[in-house]
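Take a look at the letters that make up each chain.
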Amino acid sequence: MKIDPELCIACEACIPYCPMGAISMGDDVAAINQDECVECGICLRSGSCPVDAFVEEKHPWPRQIRAEFSNPTVPHHSTGIAGRGTEEVKTNEVTGRLKPGWLAFAVEFGRPVTGARFRDVDTVAQALAKLGVTFEPINPVTALMEDTKTGKIREDILNEKVLSAIIECVFPREKAPEVLNTLQEAVKKIDTVCSVDLADLVEPDESVPAEKMLDEMGIFHRINGKTNVGFGRPKYKGGN
Ligand code: SF4
Ligand code: SF4
């Protein structure tokens, strides 16, 4: 995103709308810090500028990845899905991705104000890959890996910054303590915030086995239930 200096009247109306704090006043006009701008388009879509000074550019690779992950009107080139570009863990039960005996992770990097660079996503993805997790194939972060066996994110996007990105993966239940411990160590090395969704299937007696495990490991958690009424028919019929 750019601001046309010929149009800007320095009214500062746009500044509060930028979730990255990337807009500041220069000498006579507002300017955008291009390294911090995640190309979310909020400044433009907010309609805050009285003189239409914002100029949205179509960026070549690798910068195009910023809008794909940060602007909900721009679909991902890999999945064709807009927004965060993934069906997310909440639909696993409908699509049959999560099977009995397995758990699923969604590791969500970045938030407004902090954002996330792909070098941080890469650090965590490589740590998880060493444990043999299976990355979700229909996920735009997975599509950016050089090799899903190593979790290595392609080199040319490591410095690109986005509002938020999500790693999704599944792993056998017995690996859960090792995976959680590895994740806790890996996030100490990154320069952004992240939250983790752990998905488990509810047992016939309505218990959630992962909850007991998290309690035993002393990991803070909140139980959330999702029922996707009317949005799909369970494809999974049981068995492994
Ligand atoms: S595109 Fe988003 S991050 Fe960039 S200046 Fe506008 S609001 Fe800020
Ligand atoms: S709202 Fe428009 S005119 Fe006002 S400072 Fe921002 S870019 Fe300049």
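So, how was this worked out
Residues numbered from 1 in each chain as written. Chains lettered and ligands numbered in written order. Predicted model: local features only at pLDDT ≥ 70, side-chain atom pairs only at ≥ 80, totals over all residues. Heavy atoms only, no water. Near = heavy atom within 4 Å. 1 Å grid on protein atoms, 1.4 Å probe; cavity = no way out; pocket = protein on both sides within 12 Å on 5 of 7 lines; lining within 4 Å. Sits in = over half its atoms within 2 Å of the grid points. Nonpolar A, V, L, I, M, F, W, Y, C, P; charged D, E, K, R; others polar. Core = buried A, V, L, I, M, F, W, Y, C linked by side-chain atoms within 4.5 Å. Buried < 20%, exposed > 50% of the residue type's maximum accessible area, 1.4 Å probe, protein only. Helix = DSSP H or I, 4+ residues; strand = E, 2+ residues; numbered from the N terminus. Contact = heavy atoms within 4.5 Å. Polar contact = N/O pair within 3.5 Å; in protein donor to acceptor, adjacent residues only side chain to side chain. Axes fitted to C-alpha atoms, helices over the stretch in contact; angles between N-to-C directions. Parallel < 35°, antiparallel > 145°, perpendicular 65-115°, else oblique. Left-handed = near helix turned anticlockwise from the far one by under 90°. Points joined across faces, edges and corners; volume = space filled by probe spheres on them. Expected span 1.5 Å × (residues − 1).

Okay, the site of ligand 2 next. Surveying the vicinity of ligand 2 reveals the residues I3, C8, I9, A10, C11, E12, C14, A30, C49, P50, V51 and A53. For ligand 2, the cavity whose grid points lie within 2 Å of the majority of its atoms is the largest cavity. Residue composition of the shell around ligand 2, grouped by class: 11 nonpolar, no polar and 1 charged.

On to the nonpolar core, then. Judged by nonpolar contacts, the single largest core of 38 residues is most densely connected at F105, F118, L128, F135, I153 and I167. Mapped onto this core, the elements with two or more residues apiece are α2 (64-70), β5 (102-109), α4 (118-129), β11 (165-172), α5 (176-187) and α6 (209-217). In terms of residue count, the dominant contributor to this core is α4 (7 residues). In this structure, F135 is in contact with A125, L128, A129, T142, M145, T148, G151, I167, E168 and C169, ignoring residues within four places of it in sequence.

Note on placement: S48 falls in the loop between α1 (42-45) and β4 (54-55). By relative accessible area, which is 15% here, S48 ends up buried. A polar atom in the side chain of S48 sits 2.9 Å from the side chain of S46. Excluding residues within four positions of it along the chain, S48 makes contact with A13, C14, Y17 and C43.

Moving on, we come to the packing of α5 against α6. Here α5 crosses α6 at 50°, and the two axes come no closer than 11 Å. In this view, α5 runs oblique relative to α6, as classed from their interaxial angle. Crossing handedness for the pair α5 and α6: right-handed. Along its contact with α5, which presents A176, P177, L180 and N181, the element α6 presents M213, L214 and M217.

Every residue close to ligand 1 is listed here: M1, C18, P19, M20, I23, I32, C37, V38, E39, C40, G41 and C43. Using a 2 Å cut-off from the grid points, one finds that ligand 1 occupies the second largest cavity. Split into classes, the residues belonging to the shell around ligand 1 amount to 10 nonpolar, 1 polar and 1 charged.

Moving on, we come to the layout of surface pockets. Size it by volume and the second largest pocket reaches roughly 220 Å³. Forming the boundary of the second largest pocket are M1, E39, E56, E57, K58, H59, R63, Q64, A67, E68 and V74. By residue class, the composition of the lining of the second largest pocket is 3 nonpolar, 2 polar and 6 charged.

A word on α4. For α4, built from 12 residues, the straight-helix expectation of 16 Å at 1.5 Å per residue is met to within 8% by its first-to-last C-alpha distance of 16 Å. A large share of α4 lies buried, amounting to 9 of its 12 residues. Burial in α4 covers these residues: F118, D120, V121, D122, V124, A125, A127, L128 and A129.

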